[in-house]
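Notes for the structure review
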Amino acid sequence: MSESDTRTAEEPDTAVPSRRPGRERGRDDGKFGRYGGQYVPEALMPAIEELTDAYERYVLNNEDGFMDEFRERLADFGGRPIPLQRADRLSERYDREVYLKREDLLHGGAHKLNNALGQVLLAKYMGKERIIAETGAGQHGTATAMAAAHLDMPCEIYMGERDINRQRPNVFRMKLNGSEVNPVTAGRGTLKEAISETMRDWATTVETTHYVIGSVVGPHPFPVMVRDFQAVISEEAREQALEKSGDLPTDVVACAGGGSNTMGAFAAFVDDEDVALHAVEAGGSTLEVDEEAGVAPNSASLYTGEEGVLHGARTKLLQDTDGQIMESHSISSGLDYAGVGPELAYLVDEGRVNPVAVDDDDALEGFHRLSRTEGIIPALETAHAFGFLEEHHEELGERVVVNVSGRGDKDLDAAIEETDKRDIAEAPDMSMFTGGI
């Protein structure tokens, strides 16, 4: 294994400055305090070094007008800028201003296109011939497949068998866009196993293939690169909040799995110390763990995890006392991951980000509540943020921005099944589905 750690976290970053100083963190050496790094097999180091060089030249320094083209395609193909909508009924319900950053309106129905389009375009600039990616809920796979079709790149997606069965519409969308979907049967057949299988593919095809990691996880430069592509969320939200209210939000709330929408929503606010940042994880059925079975019935890595190494980086993980990675669980496929991005782990340790866990029941109630009160059906991932808002709004300030990371079309089958099992407030009458679930 090789781990890049040639500089300390306190040394200055030499990258080209961005509009907000907090965006510089990790760019130079991939370290966020003691988290991050490059824990990868030697066979992958040439690809990592090549990607690091490309990230610095094209993303940070806009060589050959890369960032200009990226922003133009985000606007024309993706539909940016995305609105910051005042949620009138939620504002009345919680007696404070609630704004929704509508990433569900981005092409494809989720924030994932910001990063997927950036990485597939970067692969073209690097001269790569093939795209591979992993996906959990299917939103990243869908976004990568769309970007690959848009940019005329062959694409293969690895997806856990269990997630394929839970997210059939997204699998179909990937195939409609011409991508090949490879089922992963190892382990519980979820995101962790899909990432492992995609890395194995990349290790044998690095000369021609680029791996589009879907979150702020993995070895450097992926966590900083994905953050930088997703930071458009908070850059827009910051400007829009000032336009609408004349002030910054008091709180920004985002669900957290690996953490791409989370860091996207937080990036431009990290240096605004008066803006509280809340990362909402999947509390699952309980925060207890079953070490004997090797299962953590939640995905709350920030809230309950401990330091370890997974998929090329040191971060907070769900693991047993022997350091073995636990199988995670969430009602939402996209949050069902045993780790989290290293920058988020660092920001939690520093006290800058508040980690919270919302259980399956509260998330499902949030799903139904937003649908009824605002006419927006959220992804089950996003629904966790609204479960938090319901339970903790009295602890928040007077202007709250919630990132609506994705729309719920993909989750309707799962929502029908899970709602039928529970007594959920504000849920529709489920009797019409009797016998059909």
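These lines cover the structure that appears in this document, whether it is placed above or below. (Residues numbered from 1 in each chain as written. Predicted model: local features only at pLDDT ≥ 70, side-chain atom pairs only at ≥ 80, totals over all residues. Heavy atoms only, no water.)

Next up on the list: the environment of S431. By the element assignment, S431 lies in the segment after α16 (412-421). The class for S431 is partly exposed, based on a relative accessible area of 46%. Here the alpha-carbon distance between S431 and D420, two residues eleven residues apart in the chain, equals 8.6 Å. (Helix = DSSP H or I, 4+ residues; strand = E, 2+ residues; numbered from the N terminus. Buried < 20%, exposed > 50% of the residue type's maximum accessible area, 1.4 Å probe, protein only.)

Backbone hydrogen bonds hold the strands of a sheet together, and the pairing may be parallel or antiparallel. Strands sit in the order β7-β6-β5-β8 across an open sheet of four strands; the sheet is parallel. Looking at which strands have only one partner, the edges of the open sheet turn out to be β7 (180-184) and β8 (209-212). The sheet shows a mean angle of 25 degrees between the axes of neighbouring strands, taken without regard to direction. Both strand β5 (residues 130-135) and β8 contribute to a ladder of four bridges, which runs parallel. Note that in β8 the partner of I132 across the bridge is Y211. Across the sheet, helix α4 (residues 112-126) lies against β5 and β8, angled at about 165 degrees from β8, the strand it touches most. (Pairing = 2+ DSSP bridges. Axes fitted to C-alpha atoms, helices over the stretch in contact; angles between N-to-C directions. Contact = heavy atoms within 4.5 Å.)

The next subject is the sheet that holds strand β9 (residues 251-255). The sheet built from six strands is open, its strands ordered β3-β4-β14-β9-β10-β13 with mixed pairing. Each of the sheet's edge strands pairs with one partner strand only, and the pair in question is β3 (84-86) and β13 (353-359). Each adjacent strand pair in this sheet contributes to an overall mean axis angle of 25 degrees, direction not counted. With seven bridges joining them, strand β10 (residues 276-284) and β13 adopt parallel strand pairing. Residue pairing in the sheet places H278 in a bridge with N354 of β13.

The first and last C-alpha atoms of helix α5 (residues 139-150) sit 16 Å apart over twelve residues, in line with the 16 Å expected at 1.5 Å per residue. Burial analysis of α5 places ten of its twelve residues in the buried class, which makes it a mostly covered element. Of all the positions in α5, only Q139, H140, G141, T142, A143, T144, A145, M146, A147 and A148 are classed as buried. Packing partners of the buried residues in α5 comprise α2 (66-78), α4, β5, β6 (155-160), α7 (168-176) and β8. (Expected span 1.5 Å × (residues − 1).)

A large share of β10 lies buried, amounting to eight of its nine residues. Note: β9 against β10, five bridges, orientation parallel. Opposite A254, over in β10, you have A279 as the bridge partner. As for the winding sense of the linkage, the β-α-β connection from β9 through helix α11 (residues 260-266) to β10 is right-handed. (Right-handed = clockwise from strand over helix to strand, strands pointing away.)

Relative to strand β12 (residues 313-317), strand β11 (residues 306-310) is paired through five bridges, and the arrangement is antiparallel. Counterpart to E307 in the pairing with β12 is K316. Hairpin remark: β11 followed by β12, antiparallel, with two residues in the connecting loop; positive phi at H311, about 50 degrees.

In this section: the packing of α4 against helix α9 (residues 222-230). Packed helix pairs are characterised by how far apart their axes lie and by the angle those axes make with each other. Running from N to C, α4 and α9 cross one another at 115 degrees; their axes reach a closest spacing of 8 Å. Relative to α9, α4 is oriented so that their crossing is right-handed. Across from K112, N114, N115, G118, Q119 and L122 in α4, the residues of α9 making contact are F222, M225, V226, F229 and Q230. By residue class, the composition of the contact of α4 with α9 is five nonpolar, five polar and one charged. (Left-handed = near helix turned anticlockwise from the far one by under 90°. Nonpolar A, V, L, I, M, F, W, Y, C, P; charged D, E, K, R; others polar.)

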